[in-house]
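Spelled out, the chains give:
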Amino acid sequence: MTRYVVIGAGAVGATTAAQLHLAGREVVLAARGAHLAALRGTGLRYVRPDGTTTLRLPVVGRPDEVRLRPDDLLVLATKTQDADAALAAWAWQPVGSGVAATELPVLTLQNGLDSERSALRRFATVFGAVTWSPASHVVPGEVVSPAAPIAEAFWAGRYPAGTDPRLDGVAADFADAGLALEVVPDVVAFKAGKLIAILPNALDALYPPTALRDRAAELLRDEARDVFAAAGVRVADLLGESTLDLSGLVQRPVPGHERGGGSTWQSLVRGGTVESDFLNGEVVLLARLHGREAPANAAVLTRIGRAAAAGVAARSLDDADLLATLPQLAR
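Computed from a predicted model, the values in this text were never measured in an experiment.

Q: Would you explain the sheet that holds strand S4 (residues 51–55) in this entry?
A: Working definition: the strands of a sheet are paired by backbone hydrogen bonds and lie parallel or antiparallel to each other. The strand order S4-S3-S11 describes an open sheet built from three strands, whose pairing is mixed. The sheet is open, and its two borders are formed by S4 and strand S11 (142–144), each paired with just one other strand. When the angles between neighbouring strand axes are averaged without regard to direction, this sheet yields 20°. One ladder, built from three bridges, connects strand S3 (residues 44–48) with S11; its direction is parallel. Bridge pairing links Tyr46 to Val143 in S11. Each of S3, S4 and S11 is contacted by helix H1 (residues 11–22), which is oriented at about 85° to S3, the strand it contacts most.

Take a look at the structure:
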């Protein structure tokens, strides 16, 4: 039976680990900082629509605190900006007579298109995945997972393309744990589709909802579609092309734990780094590599980079600031 070593205990990682643990699957969870201290001290406070459970998951702070086994699957659930350092730390850990990079597959759950490239530099077997999760992590030791009965959905495939029979076993384990996973042969296209959807995450983090913010979101997405077309990157329609039954992925109210915002908003609230370099920044990079420009995504990337560095509070900026960032919206 596969043991799941989940690297990164934020909203997605902790939800995935908790669901697998509750379904009787063997799990090890890697965390850091205040969150690690809380998990070791009082356990994971796992908040769901039907109540709160405190889970005592096996938790480590460093790769050398767990003996890796040949039946392990590494599940990389850090934020994208932390992925390369985590991959470097885990790749060369011993597994029998070899090391993780040669002996174990790694399943990458990051947004954007960069983590799989980083993983493939070291790991012989990389499974890329798209994650759809409304879970939140703001308080150390606590994760709120409001979707039920399905907690999260995933689309996964071998990177850069193809499938792998081992993923069928993962899909079965996930299904037993209330996690939906579809194996797809073109995971990069699905990741590009998710990236288009979440490009406005930086706007969600910086600005309260307004009609102008909605227009800015579409500007970012339209620009990205043009860039992906020029770069020859297919963009999948996640829902239109998927065979997953997502009728059970319903976000339900959790009293006292209303979801404040997406992953970038959560990072600003926690005072952490943001992943916009790998969201809007991915669009900017592809544009520059193909002799084009992505001025709207570049401007938003610069604005959130400055805001995060200065410790600007989440959603504390206004439409005037947004117009100064994207003056083309005034036309």
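What follows picks up the thread again.
Q: How should I be thinking about the packing of aromatic side chains in this particular structure?
A: Two descriptors summarise a pair of aromatic rings, namely the distance from one centre to the other and the angle between the planes of the rings. Taken as a whole, this structure holds two aromatic pairs when the rule is applied. Their ring planes at 55° and their centres at 6.0 Å tell us that Tyr4 and Phe174 sit as a pair that is tilted. With Tyr4 in strand S1 (residues 3–7) and Phe174 in helix H6 (residues 165–176), the pair connects residues that are 170 residues apart, well separated along the chain. We classify Tyr4 as buried; its relative accessible area is 0%.

Q: How do you make sense of the pattern of salt bridges when you look at a structure like this?
A: Close approach of charged atoms allows side chains of opposite charge to pair. Overall, the coordinates contain 23 salt bridges when judged by the stated rule. For Arg45, the salt bridge goes to Glu142, with nearest N and O atoms at 2.8 Å. Of the two residues, Arg45 is situated in strand S3 and Glu142 in strand S11; the sequence distance between them amounts to 97 residues. Several salt bridges converge on common partners, so that one network encompasses Arg40, Arg62, Asp64 and Glu65.

Q: I'm lost on the nonpolar core in this one. Help?
A: Nonpolar side chains in soluble globular proteins tend to be buried together. Residues Leu203, Leu206, Phe228, Leu322 and Leu326 are the most contacted members of the largest nonpolar core, which totals 38 residues. Taken together, the elements giving at least two residues each to this core come down to helix H7 (187–198), helix H8 (201–206), helix H9 (211–231), helix H11 (263–270), helix H12 (280–289) and helix H13 (295–310). The biggest single contributor to this core is H9, with eight residues. When neighbours within four sequence positions are excluded, Leu326 is seen to be in contact with Ala216, Leu219, Ala296, Ala299 and Val300. Core analysis: the next-biggest nonpolar cluster, separate from the first, contains 35 residues, Val59, Ala151, Phe174 and Ala177 among them.

Q: What am I meant to see in the pairing of strand S10 (residues 126–132) here?
A: In the case of a regular strand, side chains alternate between the two sheet surfaces. Most of S10 is tucked away, with six of its seven residues classed as buried. Sheet topology note: the strand S9 (residues 106–108)/S10 ladder contains three bridges and is parallel. Residue Leu107 lies in a different strand from S10, and its bridge partner there is Phe127. Crossover S9 to S10 through helix H5 (residues 115–120) is right-handed. Bridging between S10 and strand S13 (residues 152–158) involves six bridges; their strand directions are antiparallel. In the sheet register, Trp132 faces S13, and the bridge partner there is Ala153.

Q: Please explain H9 as it appears in this structure.
A: Think of an α-helix as turning once every 3.6 residues; residues three or four places apart then point the same way. Helix length check: H9, at 21 residues, gives a terminal C-alpha distance of 31 Å against a target of 30 Å (1.5 Å per residue), a fit within 8%. When H9 is considered as a whole, its buried residues turn out to be Leu212, Arg213, Ala216, Ala217, Leu220, Arg221, Glu223, Ala224, Val227, Phe228 and Ala231. As for H9, its buried residues are in contact with H7, H8, H12, H13 and helix H14 (319–325). Looking at the residues trailing H9, positive phi occurs at Gly232, about 75°.

Q: Explanation requested: helix H2 (residues 33–41) in the structure shown.
A: Along H2, the positions that sit buried rather than exposed are His35, Leu36, Ala38 and Leu39. Angular distribution of buried residues about the axis of H2 spans 165°; they occupy a single face of the element. Gly43 occupies a position one or two residues after H2 and carries a positive phi of about 90°.

Q: Which parts of the structure should I look at to understand the sheet that holds S10?
A: Spatially, S5-S2-S1-S6-S9-S10-S13-S14 is the arrangement adopted by the eight strands of the open sheet, whose pairing is mixed. Looking along the sheet, the strands with just one partner apiece sit at the ends: strand S5 (59–60) and strand S14 (179–183). Pairing geometry for strand S6 (residues 72–76) and S9, over three bridges, is parallel. Residue pairing across strands places Leu76 opposite Thr108, the latter belonging to S9.

Q: Please explain the packing of H9 against H12 as it appears in this structure.
A: The packing of two helices is summarised by the inter-axis angle and the distance between the axes. Viewed as axis vectors pointing N to C, H9 and H12 meet at an angle of 40°, and their least axial separation amounts to 9 Å. Classified by the interaxial angle, the pair formed by H9 and H12 is oblique. The way H9 lies across H12 gives a crossing that is left-handed. Listed contacts from H12 to Leu220, Ala224, Val227, Phe228 and Ala231 of H9 are Asn280, Val283, Leu286 and Ala287. When grouped by side-chain class, the residues that make up the contact of H9 with H12 number eight nonpolar, one polar and no charged.

Reading the values: rules and limits
Residues numbered from 1 in each chain as written. Predicted model: local features only at pLDDT ≥ 70, side-chain atom pairs only at ≥ 80, totals over all residues. Heavy atoms only, no water. Pairing = 2+ DSSP bridges. Helix = DSSP H or I, 4+ residues; strand = E, 2+ residues; numbered from the N terminus. Axes fitted to C-alpha atoms, helices over the stretch in contact; angles between N-to-C directions. Contact = heavy atoms within 4.5 Å. Phe/Tyr/Trp six-rings, centres within 6.5 Å; stacked < 30°, edge-to-face > 60°. Buried < 20%, exposed > 50% of the residue type's maximum accessible area, 1.4 Å probe, protein only. Salt bridge = Lys/Arg side-chain N within 4 Å of Asp/Glu carboxyl O. Core = buried A, V, L, I, M, F, W, Y, C linked by side-chain atoms within 4.5 Å. Right-handed = clockwise from strand over helix to strand, strands pointing away. Expected span 1.5 Å × (residues − 1). Arc of directions from axis to C-beta. Parallel < 35°, antiparallel > 145°, perpendicular 65-115°, else oblique. Left-handed = near helix turned anticlockwise from the far one by under 90°. Nonpolar A, V, L, I, M, F, W, Y, C, P; charged D, E, K, R; others polar.

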